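Structural overview
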Amino acid sequence: MRVCFCQSSKAASFLSLPAVNTPSSATCLHTAVSGCSPMLGDFWDLSQGHCLYVLPNGSARPVNVQVNEAAVVLKFSDGLSEQDTGMRCCCRGKRPDESKVTKELKIPDLLGVVLDPEKALLRFVHCPRRSSVRVREDVILQIQGDSEVLKQTDKWAKELSSKCHSMKGPRKYRVFINPASGSGQAQVKWEIAKELLDQLPWIQLEELRTTHAGQAEEVAEKEVNPESCDGIIVVSGDGMVHEVFNGLSKRPDAEAALRKLPVGHIPGGSGNALATSINHSAGESFGALEAAFLIAKGKTQPLDLMTVSQPSRPLRTSFLSLSGAIISDIDLGSESMRFLGGLRFAVYGVYCLLNPKPLQAELTYWPATASTVPGSSPPPIEEALPEGPWVTITDSFNVFWAINMAWASFDSHLAPGLSMGSGTWKLALLRNASRATLTKFLLNLENGGHVNLEKAELLECKAFRLLPQGSSGSRERFSLDGEEVPFEGIQLWPSLGGHVLGAFSEAPCDGVVSAL
Ligand SMILES: Nc1ncnc2c1ncn2[C@@H]1O[C@H](COP(=O)(O)OP(=O)(O)OP(=O)(O)O)[C@@H](O)[C@H]1O
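Residues numbered from 1 in each chain as written. Predicted model: local features only at pLDDT ≥ 70, side-chain atom pairs only at ≥ 80, totals over all residues. Heavy atoms only, no water.

Next up on the list: the overall build of the protein. Summing up its helical and strand segments, the protein has 12 helices and 26 strands in all. Taken across its 516 residues, the protein has 54% of its residues classed as buried. For the protein, the proportion of contacts with a sequence separation of at least 24, taken over those separated by at least 6, is 72%. A total accessible area of about 21,500 Å² is found for the protein, and carbon and sulfur atoms account for 52% of it. (Helix = DSSP H or I, 4+ residues; strand = E, 2+ residues; numbered from the N terminus. Buried < 20%, exposed > 50% of the residue type's maximum accessible area, 1.4 Å probe, protein only. Contact = heavy atoms within 4.5 Å. Areas by Shrake-Rupley, 256 points an atom, 1.4 Å probe, with all protein chains shown as cover.)

Right, let's talk about the packing of helix H4 (residues 186–197) against helix H9 (residues 288–297) for a bit. The description of two helices packed together rests on the angle between their axes and the distance between the axes. Interhelical geometry of H4 versus H9 gives an angle of 35 degrees and a closest axis separation of 9 Å. Of the two possible hands of crossing, H4 and H9 adopt the one that is right-handed. Residue-level inspection shows Lys 189, Ile 192, Ala 193, Leu 196 and Leu 197 of H4 in contact with H9, the latter providing Ala 288, Leu 289, Ala 292, Phe 293 and Ala 296. Residue composition of the contact of H4 with H9, grouped by class: nine nonpolar, no polar and one charged. (Axes fitted to C-alpha atoms, helices over the stretch in contact; angles between N-to-C directions. Left-handed = near helix turned anticlockwise from the far one by under 90°. Nonpolar A, V, L, I, M, F, W, Y, C, P; charged D, E, K, R; others polar.)

Of all seven residues that make up strand S21 (residues 425–431), six are buried, and the element is covered over most of its length. Alignment of strand S20 (residues 391–403) against S21, held across six bridges, turns out to be antiparallel. Across the sheet, the residue bridging to Val 399 is Leu 430, located in S21. Strand direction decides the pairing type here: S21 and strand S22 (residues 456–468), joined by six bridges, are antiparallel. The partner of Leu 427 across the bridge, within S22, is Leu 459. (Pairing = 2+ DSSP bridges.)

Below, the discussion takes up the site of the ligand. Within the structure, the ligand sits among 22 residues, and Gly 182, Ser 236, Gly 237, Gly 239 and Glu 243 are positioned closest to it. Between the ligand and Gly 239, the relevant distance is 2.7 Å, taken from an oxygen atom to a main-chain nitrogen or oxygen of the residue. A distance of 2.8 Å is found between an oxygen atom of the ligand and a side-chain nitrogen or oxygen belonging to Ser 270. Protein chains bury 86% of the 630 Å² of accessible surface belonging to the ligand in isolation. Looking at the shell around the ligand element by element, the count peaks at four residues for helix H6 (residues 238–250). In terms of residue class, the shell around the ligand is made up of four nonpolar, 14 polar and four charged. (Near = heavy atom within 4 Å. Polar contact = N/O pair within 3.5 Å; in protein donor to acceptor, adjacent residues only side chain to side chain.)

Burial within strand S16 (residues 306–310) is extensive, with five of its five residues counted as buried. Because side chains alternate across S16, one face comprises the buried residues Met 306, Val 308 and Gln 310, and the other comprises Thr 307 and Ser 309, equally buried. Bridge count between S16 and strand S25 (residues 490–494): four bridges; the pairing is antiparallel. Looking at S25, one finds that Ser 309 is bridged to Gln 491.

Pairing in this open sheet of five strands is antiparallel, and the strands run S2-S1-S10-S7-S6 from one edge to the other. Every interior strand has two partners, whereas the edge strands, strand S2 (60–62) and strand S6 (110–116), have only one. Adjacent strand axes in the sheet meet at a mean angle of 25 degrees when their direction is disregarded. When S6 meets strand S7 (residues 121–126), the two strands line up antiparallel, connected through six bridges.

The next subject is the pattern of salt bridges. A full pass over the atoms with the stated rule returns 22 salt bridges. Residue Glu 457 is joined to Arg 431 by a salt bridge in which the shortest nitrogen-to-oxygen separation is 2.9 Å. Taken together, the residues span a long stretch of sequence, with Glu 457 in strand S22 and Arg 431 in strand S21 at a distance of 26 residues. With a relative accessible area of 22%, Glu 457 lands in the partly exposed category. A single network of salt bridges, built from pairs that share partners, joins Asp 109, Arg 129, Arg 134 and Glu 284. (Salt bridge = Lys/Arg side-chain N within 4 Å of Asp/Glu carboxyl O.)

Glancing now at H6. Compared with the 18 Å implied by 1.5 Å per residue over 13 residues, the 18 Å span of H6 between its first and last C-alpha is a close match. Summarising burial for H6: 11 of the 13 residues are buried, a large majority. Taken together, the buried positions of H6 are occupied by Asp 238, Gly 239, Met 240, Val 241, His 242, Glu 243, Val 244, Phe 245, Asn 246, Gly 247 and Leu 248. (Expected span 1.5 Å × (residues − 1).)

Let's shift gears to H9. The buried fraction of H9 amounts to 10 of the 10 residues, a majority that puts the element mostly inside the structure. With its phi angle positive at about 85 degrees, Gly 298 sits one or two positions after the end of H9.

Mapping Val 308 onto the fold places it in strand S16. Distance in space between the C-alpha atoms of Val 308 and Ile 490 is 6.9 Å, their sequence separation being 182 residues. Discounting residues that sit within four places of it in the chain, Val 308 has contacts with Pro 314, Leu 315, Arg 316, Thr 317, Ser 318, Leu 480, Ile 490, Gln 491 and Leu 492.

By themselves, these are just geometric observations and shouldn't be taken as functional.
Below, the structure is given as structure tokens:
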């Protein structure tokens, strides 16, 4: 195997890879680096004849492989067509014997490189974007050489893999799959995600298909061991995410468990607000493959949690939202239409628009602009609020929607720009609005245009208390993280924070991949 060997002492000490070969004629590129600019300036050059590109039909062609700061570059010559590889030809129009075809696997699109030593196959786990959605386009190379070559290839693959993700060492995740969520798509979505995650040997998965409501909460509270587990993946809607954060928050070691165990969300429900917010905050489209891709990238982001108090029940934890009036009406009233998936909200929404039930209530909130923050423990809801810069609104709300992140469901961009770890919730309100305004509000939610409506208010707060005033019918309800809670006084108060799996991930810039 002919390899390019890096001359840079910085690179050599970073890698401490032994030189299999140091060809004097080998080309070696090195880009001077400074600050946090990419440092993958050197490249590994695997000559033709030692490395074969495995085509989908099982045949193989010689390929030259190089790594630079931004990509793995596969270079082919003679006889490979674009149809063979699905790749870009850089010399369109030239005669085949002059053609050179290259395929670039961008480092940000790679999750890792894994050698199967038995078969001498090297897999690049690769998910490029095609028209904004990610697709699986793994590349498989046949390595030709003795056991020493395979050993060095394996070492090189691990080195490159460490540039593709942020995981330090192996990761073990508990996975909760809800067969009853949404339109029953959780298993299908999980298969897409699992197929990807299974390619990465440093990720281990322990699956549990829930058999009843509340099971994920129990397991998160009593069975998950933060010493031997690195996170929880929920394959479901937001309801089961809510359960998991409640389970973790109830543990005697809640603080440590919430710090140690980030939660990932593969969207398998109807609303899927968390998966949508994570994916979009990371610059990805909404989808199961994108969610799994972000989990495999290994970055996390903080998530604010609130302690929820109501007179008739024990404290709960909320990670997402509290809604009232037409919003909770649509969310909860459409439960019997779960078989429709996300469409249930549109169908039942029309009914609610024709028969709106406003919420008469007193809202008291701690503005985010205040110079102080609420104390660390929530006051009992039966008691008066402690001293603070409280603001009170008593009115008839056509829309009441408190939210902790940008997206309230896959098609409701309720609070554009709101980060889930900002320490601030937004209150989206519409008061004394006509049916026409209410309709406009709902129709503009998907693109966030509702914020421009004259009557729409988007307040920022740290804590709030909502006291309904009187009850005028069976359709009055509150929806907490998408689940129904009693229609009575309710208070949300900042509590311990959690973390989620998935965040914006820059191209790695902390090292050099060099010679094999
Ligand atoms: N095996 C099961 N059978 C019945 N219910 C279950 C089961 N496993 C979990 N659940 C319950 O299903 C409830 C609803 O699930 P989930 O929220 O995941 O789906 P969804 O309501 O369709 O999605 P979304 O909340 O995004 O709209 C959860 O609160 C959970 O307690």
